[in-house]
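# Secondary and tertiary structure notes
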Amino acid sequence: METVVAMALVGMVVPGILSVMAASSRVAVRAEESVTLQQLARAQVEAIQQSPFKANAAQYPSITGIPDGFTVTFTAVDSGIIYTYPAPLGTTITGAAQKIVVTAQGDFSQMSLTFYKVKLP
């Protein structure tokens, strides 16, 4: 009789423990993906920031070494800013800044970072 009660308790407790372990594993995978997305998005932002200003955003460099299951894309839109630099330059620049959005996507989520790239005279 004691053996039957013990087996019943084990039968009730073990599935609960396994369920908690499975949920913990899923959370860990999603947390790891979130960190990877952040690293990829920041790497792409840095690659674009280090590149000279380009009117055609498709000419900005794309990062390499992206792990399987992840993608990194970016778009650039002219912000419409017209700026006149003070003397002695006095240069007027149309399209003085681009709004750039970098998006990293994984299996479970995505992350976007937005920044501005400024054209210098």
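Everything discussed here concerns the structure shown above.
First, a word on what this report is: a plain description of the structure on this page. (Residues numbered from 1 in each chain as written. Predicted model: local features only at pLDDT ≥ 70, side-chain atom pairs only at ≥ 80, totals over all residues. Heavy atoms only, no water.)

Here we take up the overall build of the protein chain. Of the regular secondary structure elements, the protein chain holds one helix and five strands. The order of α-helices and β-strands along the protein chain, N terminus first, is α-β-β-β-β-β. Among the 121 residues that make up the protein chain, the fraction classed as buried is 24%. Excluding contacts between residues fewer than 6 apart, the proportion of contacts in the protein chain whose partners are at least 24 apart in sequence is 53%. Surface accessibility of the protein chain: about 8300 Å² in total, with carbon and sulfur atoms responsible for 61%. (Helix = DSSP H or I, 4+ residues; strand = E, 2+ residues; numbered from the N terminus. Buried < 20%, exposed > 50% of the residue type's maximum accessible area, 1.4 Å probe, protein only. Contact = heavy atoms within 4.5 Å. Areas by Shrake-Rupley, 256 points an atom, 1.4 Å probe, with all protein chains shown as cover.)

A word on a nonpolar patch on the surface. Together, Met1, Val5, Leu9 and Met12 make up an exposed nonpolar region whose accessible area comes to about 490 Å². Structurally, the position occupied by Val5 is in helix H1 (residues 2-50). By relative accessible area, Val5 is classed as partly exposed at 45%. (Patch = residues over 30% accessible without salt bridge, like charges linked within 9 Å, V, L, I, M, F, W, Y side chains within 5 Å. Salt bridge = Lys/Arg side-chain N within 4 Å of Asp/Glu carboxyl O.)

Below, the discussion takes up the pairing of strand E5 (residues 110-118). Bridging between strand E4 (residues 97-105) and E5 involves nine bridges; their strand directions are antiparallel. Bridging across to E5, Gln98 finds its partner in Lys117. Here E4 folds back onto E5, and the loop between the two strands holds four residues. (Pairing = 2+ DSSP bridges.)

What follows covers the side chain of Ser51. Secondary-structure assignment places Ser51 in the loop between H1 and strand E1 (71-78). Aside from chain neighbours lying at most four places away, what touches Ser51 is Tyr60, Pro61 and Lys117.

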